Amino acid sequence: MPRRKILANSDIAELLAIESESAKMPAKKALRSASRRAFMWPEEAADLLRQGRSLTELQSVGPYIGNLIRRWLEDPPAIPPRPAIRKQFLTITEAEAALSRKPDWLPSVRGDLQMHTTWSDGDASIADMAEAAVARRYEYIAITDHTKGLKIAGGINEEQLRQQAREIDEVNDGFRHKGLTVLRSAELNINPSGQEDMEADALAELDLVLGCFHSSLRTKEDQTPRYLAALRNPHIHILGHPRGRVYNYRLGLSADWPRVFDEAANLDKAVEIDGYPDRQDLNVDLLKIAKRSGCRISLGTDSHGKEQLRFMEYSAAAALIAGIPRDRILNFLSREELLNWATGVRENKLRAA
Ligand SMILES: [Zn+2]
């Protein structure tokens, strides 16, 4: 008898997404949300069932969805190939399995380079995020609140960015003895021409700048020029969530990726692995292309609260699976090395100008 396939959480996520397509509200919404959540379930649903536990222990799983999953686990249906909008997302159990094969990888991460606070759309203060970072034994974190062009996310202006600097100084005074430095940064909103929405003086005061696109993310045309323009923007060190994809919602942009990553390598800039579970952007296939270009890679959780710092597992696992060498990963640098790199990137640009 052929051995029966055991469904992984990623398979269940796909089945839930397919089921949602023909379901009516409110089941449709519940199925979609369970499909997203499946990537964060801390255990395999199949293990729960085997242990005689209730599937409703899993987040976003009530009795109705629990029954569906149990039926699928007992009699696994065929799963059609995933559509691109749901391809290459790791579940946390897959990420942990990959990390466990190289136990010194995740502990080598010395900091997190993307997170939000109550200054924009996060729900924790800078001090709260710093405390959570100390618990993870980090040496540094970058506070990357949104900038003023992104009103919907509570983007802050130059004046607020300077007020925030004073708060960061105070937090740093309190945390120095715990070995943590809070870095000044921002998730700089850039338009499709690669231009920033903040004044140069304010950006020059930051330790490093993450630049991100938030508009025209559904266009199907090749977007290579916008990436090249963003990388050449002298204010930007890291290109954040480069594709702009969101699980089962938005495919993200396309470009001539070898050219984009080659340009990042030429300028010694970084592209990000945003670890937010339904972003996971860049994904493993693109990271393999980035690896060939040799550009720098930044790991950022895009946390909007303390608990989300654990999304570093997704970023670190993607880098590991793609085979990114240690010396290309910004987060493996010491604080000193990281700041030297950031200064160097700015000086290179001045020289080129
Ligand atoms: Zn963003």
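Only a predicted model underlies this, so the values are computations on that prediction, with no experimental measurement involved.

## Some details on the overall build of the protein chain
Thinking step 1. Along the protein chain, the regular secondary structure elements total 13 helices and 8 strands.
Thinking step 2. Burial analysis of the protein chain (353 residues in total) assigns 54% to the buried set.
Thinking step 3. Looking at the protein chain alone, contacts between residues at least 24 apart form 78% of all its contacts between residues at least 6 apart.
Thinking step 4. Roughly 15,700 Å² of accessible area belongs to the protein chain as shown, and the carbon and sulfur atoms make up 49% of that amount.
Thinking step 5. In the protein chain, which carries 50 positive and 51 negative side-chain charges, the distance between the mean positions of the two groups comes to 6 Å.

## So, the packing of aromatic side chains
Thinking step 1. Following the criterion strictly, the structure yields 9 aromatic pairs and no others.
Thinking step 2. Residues F213 and Y227 carry aromatic rings whose centres are separated by 5.5 Å and whose planes lie at 90 degrees to one another, so their mutual orientation is edge-to-face. Of this pair, F213 sits in strand β5 (residues 210-213) while Y227 sits in helix α9 (residues 224-232), placing them 14 residues apart in sequence.
Thinking step 3. Note on Y227: relative accessible area 0%, which makes it buried.
Thinking step 4. Site record: aromatic cluster; members linked through ring pairs are F213, Y227, W257 and F261.
Thinking step 5. Against the face of F213 rests R226, its NZ or CZ located 4.7 Å from the ring centre.
Thinking step 6. In this arrangement the basic side chain of R245 is found over the ring face of F89, its NZ or CZ atom lying 3.7 Å from the centre.

## Focus: the sheet that holds strand β7 (residues 270-274)
Two orientations exist for strands paired in a sheet by backbone hydrogen bonds: parallel and antiparallel.
Thinking step 1. Taken together, the 5 strands give an open sheet; going across it, the order is β4-β5-β6-β7-β8, and neighbouring strands pair in parallel fashion. The sheet terminates laterally at β4 (187-190) and β8 (296-300), the two strands that pair on one side only.
Thinking step 2. Inspection of the sheet shows β7 paired to β8 by 5 bridges, in the parallel sense. When the bridges of β8 are listed, D274 appears paired with G300.
Thinking step 3. Contacting β7 and β8, helix α12 (residues 312-322) runs over the sheet at an angle of about 155 degrees to β8.

## Overview of unusual backbone geometry
Thinking step 1. In this model, M25 is joined to P26 through a cis peptide bond whose omega is 0 degrees.
Thinking step 2. Along the chain, the position of P26 falls in the loop between α1 (9-22) and α2 (27-37).
Thinking step 3. The omega angle of the peptide bond from D281 to L282 is 10 degrees, so this bond is cis rather than trans.
Thinking step 4. Tracing the backbone through its elements, the reader meets L282 in the loop between β7 and α11 (284-293).
Thinking step 5. Backbone geometry places N248, a non-glycine residue, at a positive phi of 60 degrees.
Thinking step 6. With respect to the helices and strands, N248 occurs in the loop between β6 (238-239) and α10 (257-266).
Thinking step 7. In this structure N248 comes out as buried when scored by relative accessible area, which is 10%.

## Side note on the environment of Y276
Thinking step 1. Summarising the element assignment, Y276 is placed in the loop between β7 and α11.
Thinking step 2. For the pair Y276 and I85, spaced 191 residues apart in sequence, the C-alpha to C-alpha distance is 16 Å.
Thinking step 3. Setting aside residues up to four positions removed in sequence, Y276 forms contacts with T301, D302, H304, Q308 and F311.

## Description of the coordination of the zinc ion
Thinking step 1. Within the protein, the atoms that donate to the zinc ion are E187 (OE), H214 (NE2) and H241 (NE2), at distances of 1.8 to 2.3 Å.
Thinking step 2. Linear spacing of the donor residues for the zinc ion on their chain is E-x26-H-x26-H. In this pair, E187 is assigned in strand β4 and H214 in the loop between β5 and α9, connecting sequence segments 27 residues apart.
Thinking step 3. Under the relative-accessibility criterion, H214 is labelled partly exposed at 22%.

Criteria and thresholds
Residues numbered from 1 in each chain as written. Predicted model: local features only at pLDDT ≥ 70, side-chain atom pairs only at ≥ 80, totals over all residues. Heavy atoms only, no water. Helix = DSSP H or I, 4+ residues; strand = E, 2+ residues; numbered from the N terminus. Buried < 20%, exposed > 50% of the residue type's maximum accessible area, 1.4 Å probe, protein only. Contact = heavy atoms within 4.5 Å. Areas by Shrake-Rupley, 256 points an atom, 1.4 Å probe, with all protein chains shown as cover. Lys, Arg positive; Asp, Glu negative; His and termini not counted. Charge placed at Lys NZ, Arg CZ, Asp CG, Glu CD. Phe/Tyr/Trp six-rings, centres within 6.5 Å; stacked < 30°, edge-to-face > 60°. Lys NZ or Arg CZ within 6 Å of the ring centre and 35° of its normal. Pairing = 2+ DSSP bridges. Axes fitted to C-alpha atoms, helices over the stretch in contact; angles between N-to-C directions. Donors = N, O, S within 2.8 Å, 3.2 Å for Na, K, Ca; no water.

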